[in-house]
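So the chains spell out like this:
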Number of protein chains: 2
Amino acid sequence: MSRTIFFVSDGTGITSETIGKSLLTQFEGIDFRLVRVPFIDNSEKAIAARERVNRAAERDRERPIVINTLVNPHLSEIMSDCNGLVLDVFHTFVKQIEAELGVRRSPRVGISHGMSNLQSYEQRMGATNYALKHDDGADVNYQEADVILVGVSRSGKTPTCLYLALHYGIKAGNYPLTPDDLDALKLPKMLTPYKRKLFGLTIEPERLRQIREIRRPNSRYADARQVQREVEEAESLFRIHGLPSLNTTYASVEEIASKVLVSLGLERSML
Amino acid sequence: MSRTIFFVSDGTGITSETIGKSLLTQFEGIDFRLVRVPFIDNSEKAIAARERVNRAAERDRERPIVINTLVNPHLSEIMSDCNGLVLDVFHTFVKQIEAELGVRRSPRVGISHGMSNLQSYEQRMGATNYALKHDDGADVNYQEADVILVGVSRSGKTPTCLYLALHYGIKAGNYPLTPDDLDALKLPKMLTPYKRKLFGLTIEPERLRQIREIRRPNSRYADARQVQREVEEAESLFRIHGLPSLNTTYASVEEIASKVLVSLGLERSML
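Residues numbered from 1 in each chain as written. Chains lettered and ligands numbered in written order. Predicted model: local features only at pLDDT ≥ 70, side-chain atom pairs only at ≥ 80, totals over all residues. Heavy atoms only, no water.

K.L.:
Help me understand the packing of aromatic side chains, please; the structure alone is not making it clear to me.
P.N.:
On inspection of all chains with the given rule, the structure shows 3 aromatic pairs over all chains. With a centroid separation of 5.8 Å and 90 degrees between ring planes, the pair formed by A:Phe93 and B:Phe93 is classed as edge-to-face. Placement of the pair is A:Phe93 in helix H4 (residues 89–101) and B:Phe93 in helix H4 (residues 89–101), with the two residues belonging to separate chains. We classify A:Phe93 as buried; its relative accessible area is 0%. Relative to A:Tyr168, the ring of A:Tyr163 lies with its centre 6.4 Å away and its plane at 55 degrees, an arrangement referred to as tilted. The same class applies to A:Tyr163 and to A:Tyr168, which are both buried. Positioned above the aromatic ring of B:Tyr221 is the side chain of B:Arg212, whose terminal nitrogen or guanidinium carbon lies 4.4 Å from the ring centre. (Phe/Tyr/Trp six-rings, centres within 6.5 Å; stacked < 30°, edge-to-face > 60°. Helix = DSSP H or I, 4+ residues; strand = E, 2+ residues; numbered from the N terminus. Buried < 20%, exposed > 50% of the residue type's maximum accessible area, 1.4 Å probe, protein only. Lys NZ or Arg CZ within 6 Å of the ring centre and 35° of its normal.)

Structure, rendered in structure tokens:
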């Protein structure tokens, strides 16, 4: 069974795609073809998008499903005339919120992922530059960090630091555990003043072996016993020193970032 | 007027927060207090989350609004018993999709932002490493790039490259236009073989001046006339050589990334 899914949006389409994917993952065994249709911000584009849906309906001989996050009521109406099942996200919930607040909405487009102001831009960029500069424990200024991720090489520190910076404006430092740290089971000296900011990342040895093998085939770095030992020692170190930690093996970078925020009480909204 | 908004989720809460913020930006003049309540994956946590909502209701003397993306029907039911307005995102749309597809869903939690497989992990990481290694035109291998962002210093290239890598696994190169490139109005020689991959970023001179002033106060780099001239020359260069381009002044990194993808036909789903 196959279905075409359209994510239609006035803006980037990220909201539509996020909602849509969460819904579609609930249905197994169906071959969904995903089509993102972003930046639909005038009637001509809305009509063209409707045509795309109608062509897919003809070709598939099945109704496409349209995850519609258009904010403009006029454009949303154009879309709802298509030969697909249209799920109108805004319309559905905005009515309920209007009733609750006792006020009418003022339709504005693309605010949620747009129009960053200078302050939040600066916070994100400051954090991103921090992550870039302090990647892999080089040239460290941990004092400035909001959080310091600790783990063996390739446990997921770098992408998590970048994600925290880009999405939350959080300055995330990065400390790669060295064989010396691991053998001693001691918290590295440069980290001891910042114990409350530390968060450990770990990973299943077999997965880590695969990842390292791709980087440096047949190396000691990717050797199964070496990897196993590093992971065990890192986990012991986290346990002994009471660091909160997370196994990243089955976690996406979004999940790791969220859990770090919750665990260290840094919970904050996306910028 | 003030309201507390809860984003309640089995997973990271990103879906809930994304939907919720898109809705709330439609309402002006209300002071929303945003609370993310992620990783609600058992009854105890759901009951505790419900308590938080109820406490806020008492404190505010106004019903909180709950953007509920809980997938588990049992947990969602617990939540819907709270003293808030509960907008049940899954339940609302999943029913319609079930009817359309003629199959029942199989509730699974946290799939949308979780469970990255090795292949998509590798693609993201490969792209992230590429972005880190090739930032600011250093040590360049443009052959490998999916896209090359071109612009003056601080026009938004670096965060966009990182975003494209982390979210889409796209290898984005980065070419900072030098005064020599700009004076000559010529496409830099190292870019000419890759013209189809080029995308220009520009920015309003006054905003760029502000950004640079924060970096290097009272410098020639942040001088109003210098900035104005660089931007004008960069825009001429894009025009003369027919490069697609975008003004990043009022765009978020998500928007810039989306427009780059659409413009270069790289449109693809989030990994």
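That covers the picture; the talk isn't over yet.
K.L.:
Help me understand the side chain of B:Glu98, please; the structure alone is not making it clear to me.
P.N.:
Mapped onto the fold, B:Glu98 is located in helix H4. Taking the relative accessible area as the measure of exposure, B:Glu98 reaches 12% and is therefore buried. Among the polar contacts made by the side chain of B:Glu98, one reaches the side chain of B:Arg104 at a distance of 3.4 Å. Once residues within four sequence positions are removed from consideration, B:Glu98 is found in contact with A:Phe27, B:Val103, B:Arg104 and B:Arg105. (Polar contact = N/O pair within 3.5 Å; in protein donor to acceptor, adjacent residues only side chain to side chain. Contact = heavy atoms within 4.5 Å.)

K.L.:
Would you mind showing me how to read the nonpolar core here?
P.N.:
The nonpolar side chains of a soluble globular protein tend to be buried with one another. Core analysis: the biggest nonpolar cluster contains 48 residues, and A:Val147, A:Leu164, B:Val147 and B:Leu164 have the highest contact counts within it. Sequence-distant contacts of B:Leu164, that is, excluding residues within four places in its chain, are made with B:Val147, B:Gly169, B:Ile170, B:Ala172, B:Ala257, B:Val260 and B:Leu261. (Core = buried A, V, L, I, M, F, W, Y, C linked by side-chain atoms within 4.5 Å.)

K.L.:
What is the right way to read the relation of the copies chain A and chain B from this model?
P.N.:
Note that the two copies of the chain are related through a rotation about an axis and a translation along the same axis. Once chain A is rotated about the relating axis by 180 degrees and shifted along it by 0.0 Å, it coincides with chain B to within an RMSD of 0.1 Å. Interpreted geometrically, this transformation is the action of a two-fold axis. Interface overlap between copies: 100% of the residues of chain A at the interface are likewise at the interface in chain B, consistent with a symmetric, same-surface contact. (Least-squares fit on C-alpha atoms with pLDDT ≥ 70 in both.)

K.L.:
I would appreciate a short explanation of the confidence of the model for chain A in the present structure.
P.N.:
Predicted coordinates in regions of low pLDDT should not be interpreted in detail. Residue and element names in this part refer to chain A. Of the residues in chain A, 92% reach a pLDDT of 70 or more, and the chain-wide mean stands at 88. Considering each helix and strand of chain A separately, the mean pLDDT is smallest for helix H1 (residues 14–24), with a value of 84, and largest for strand S7 (residues 198–202), with 97. With pLDDT under 50 throughout, residues 109–116 is counted as low confidence; its partners more than four residues away or in other chains account for 25 contacts. (pLDDT = per-residue confidence, 0-100.)

K.L.:
Looking at this structure, I do not really get the packing of helix H8 (residues 205–215) of chain A against helix H5 (residues 118–133) of chain B. What am I missing?
P.N.:
Pairs of packed helices are described in terms of their axes, by the angle between the two and the distance that separates them. Contact geometry for H8(A) and H5(B): axes closest at 12 Å, N-to-C directions at 45 degrees. In terms of orientation, H8(A) and H5(B) fall into the oblique class. You can see that H8(A) and H5(B) cross each other, and the crossing is right-handed. Contact residues: H8(A) offers A:Arg207, A:Gln210, A:Ile211, A:Ile214 and A:Arg215, while H5(B) offers B:Leu118, B:Tyr121, B:Glu122, B:Met125 and B:Asn129. Residues that form the contact of H8(A) with H5(B) fall into these classes: 5 nonpolar, 2 polar and 3 charged. (Axes fitted to C-alpha atoms, helices over the stretch in contact; angles between N-to-C directions. Parallel < 35°, antiparallel > 145°, perpendicular 65-115°, else oblique. Left-handed = near helix turned anticlockwise from the far one by under 90°. Nonpolar A, V, L, I, M, F, W, Y, C, P; charged D, E, K, R; others polar.)

K.L.:
Honestly, the state of the cysteines in this entry has me stumped. Any pointers?
P.N.:
Disulfide: a covalent bond connecting the sulfur atoms of a pair of cysteines. Per the counting criterion, the structure on display carries 0 disulfides over all chains. The structure places no disulfide on A:Cys161, whose sulfur is separated from the nearest cysteine sulfur, that of B:Cys161, by 19 Å. Taking relative accessible area as the criterion, A:Cys161 reaches 3% and is therefore assigned buried. (Disulfide = S-S within 2.5 Å.)

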